[in-house]
Amino acid sequence: MKVSLRSTYGIMAAVDLALQAGSAPIQAKSIARRQGIPARFLEQVLHAMKKAGLVSSQRGAQGGYVLSKKPSDVSVAEILEALEGPVLRMTEMNGGTYRATPSGTLLAKVWDRVHEAERHVLEGITVEELAGEQRQIEQQRNPMYHI
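Please read these numbers as outputs of a predicted model, since none were measured by experiment.

Cut-offs and rules
- Numbering of residues begins from 1 in every chain and follows the order in which that chain's sequence is written.
- Restriction of local features to residues with pLDDT of at least 70 applies here, the model being predicted, together with a cutoff of 80 or more for giving and counting side-chain atom pairs; totals for whole chains, interfaces and linings are based on all residues.
- Side-chain metrics rest on all non-hydrogen atoms present in the structure, leaving aside hydrogens and water.
- Residue burial is assigned from relative accessible area. The probe radius is 1.4 Å, only protein chains are included, and a residue is buried under 20% of its type maximum, exposed over 50%, and partly exposed in between.
- A run of H or I in DSSP counts as a helix once it spans at least four residues, and a run of E counts as a strand once it spans at least two, with each numbered from the N terminus.
- Note on contacts: a residue pair qualifies if any of its non-hydrogen atoms lie within 4.5 Å across the two residues.
- Definition used for salt bridges: Asp or Glu carboxyl oxygen within 4 Å of a side-chain nitrogen of Lys or Arg.

Taken residue by residue, helix α2 (residues 28-35) has Ala28, Ser30, Ile31 and Ala32 as its buried positions. Considering only its buried residues, α2 is in contact with α1 (5-19), α3 (39-51) and β2 (64-67). Within two residues after α2, Gly36 carries a phi angle of roughly 70°, on the positive side.

Tallied over the entire structure, the rule returns four salt bridges. Between Asp16 and Arg34 there is a salt bridge, with its nearest N and O atoms 2.7 Å apart. Of the two residues, Asp16 is situated in helix α1 and Arg34 in helix α2; the sequence distance between them amounts to 18 residues. Residues joined by salt bridges that share partners form a network here, namely Glu81, Arg119 and Glu123.

Position of Ser75 relative to the elements: it lies in the loop between β2 and α4 (76-84). Judged by its relative accessible area of 8%, Ser75 is buried. Ignoring any residue separated from it by four or fewer positions in sequence, one finds Ser75 in contact with Leu122, Glu123, Ile125 and Thr126.

Okay, structure coming up:
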């Protein structure tokens, strides 16, 4: 499976929103700075995520973005679909003509199973889980020394 830079940025923005969650919305430029994402591109990604109902925004000086759902209720699959549309199955390519041959029919079943497994994995990974892993990575990078 290929994941676009757009989707990667969307996932990282959602994780950042989960990590920074609090009473105030998070500005896109703050997310962009922390994640190393071009701010203009991130605005486009966040707009698409807003249209899909994954984030909401607030205007004004204290404005920004927040996740629309709890991080535990947002899966990687939802983010991918919001930013890329429905993930096409290999058997749906070329207008469904892939099944026209016996080997195509045989392999179509294999690709269907691969797609189902892929989808199952992506639905099982939540933003909350990724945020927890990110916290661990940051703790390993910045160890606390007690004297």
